[in-house]
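# Fold and geometry: a report
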Amino acid sequence: MRNRILVISALIGAGILVSALAYAGCSSCGAGGGAKAAQSAEKGVINTACPVLGEPVAADTKYTADYKGKTVGFCCESCKSKFEAEPEKYSANLNK
Ligand SMILES: [Zn+2]
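Starting afresh in each chain, residues are numbered from 1 along the sequence in its written order. A pLDDT threshold of at least 70 governs which residues receive local features in this predicted model, and a stricter bar of 80 or more applies before side-chain atom pairs are shown or counted, although totals over entire chains, interfaces and linings include all residues.

What follows concerns the overall build of the chain. Helix and strand assignments follow DSSP, with helices taken as H or I runs no shorter than four residues and strands as E runs no shorter than two, numbered in order from the N terminus. Secondary structure assignment for the chain yields four helices and two strands. Counting from the amino terminus, the chain carries its helices and strands in the arrangement α-α-β-β-α-α. Contact definition: two residues whose C-beta atoms, as placed from backbone geometry, lie within 7 Å. For the chain, the proportion of contacts with a sequence separation of at least 24, taken over those separated by at least 6, is 35%.

Quick look at the structure:
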């Protein structure tokens with residue numbers, strides 16, 4: 001029983017280590033890109049509400065789009081499509 005917990009802890013630790021190494025490699029290859037990468041990796045998306053419908057957006061949502069260097073999250077695939085078609089129209093909703 002105890003061993004199984006240790007194995008799981010080790011796997012989680014290894015995953016964090018791999019992630020940390022990936023970010024370290026990224027920030028060392030580009031000048032000034034480290035801070036931006038850390039910001040988007042922190043929460044995943046910059047918004048908590050979908051800019052199209054206003055529905056809540058999960059921090060780890062798979063519906064995302066890049067907008068002016070930031071990651072915008074959406075509640076569903078169709079909202080992502082609408083935003084990408086007219087980003088200027090919906091981006092105003094991000095500042096609320
Ligand atoms: Zn939606």
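By definition, a nonpolar core groups buried Ala, Val, Leu, Ile, Met, Phe, Trp, Tyr and Cys residues that are joined through C-beta atoms within 7 Å. As a rule, residues whose C-beta atom has 12 or fewer other C-beta atoms within 10 Å are exposed, those with 20 or more are buried, and those in between are partly exposed; C-beta atoms are placed from the backbone. Core analysis: the biggest nonpolar cluster contains eight residues, these being Cys 50, Val 52, Val 57, Val 72, Phe 74, Cys 79, Phe 83 and Tyr 90. Beyond its immediate stretch of four places on either side in the chain, Tyr 90 contacts Pro 51, Val 52, Lys 82 and Phe 83.

As a further point, take the pairing of strand 1 (residues 64–67). Strands are labelled as partners when DSSP assigns at least two bridges between them. With four bridges joining them, strand 1 and strand 2 (residues 70–73) adopt antiparallel strand pairing. Considered in strand 2, the bridge of Tyr 67 is made with Lys 70. Linking strand 1 to strand 2, which pair antiparallel, is a turn of two residues; within it Lys 68 sits at a positive phi near 50°.

Moving on, we get to helix 3 (residues 77–85). What helix 3 keeps buried is the set Cys 79, Lys 80 and Phe 83. When helix 3 is viewed along its axis, its buried side chains cluster within an angular range of 100° and face the same direction. Away from its buried face, by an angle of more than 90 degrees, helix 3 presents the exposed residues Glu 77, Ser 78 and Ala 85. At its buried positions, helix 3 is contacted by strand 1, strand 2 and helix 4 (87–91). To obtain the arc, one takes the directions from the helix axis to the C-beta atoms.

You can see Cys 75 is positioned in the loop between strand 2 and helix 3. Spatially, the C-alpha atom of Cys 75 lies 6.2 Å from that of Glu 55, the residues being 20 residues apart in sequence. Not counting residues up to four positions away in its chain, the partners in contact with Cys 75 are Cys 50, Leu 53, Glu 55, Pro 56 and Val 57.

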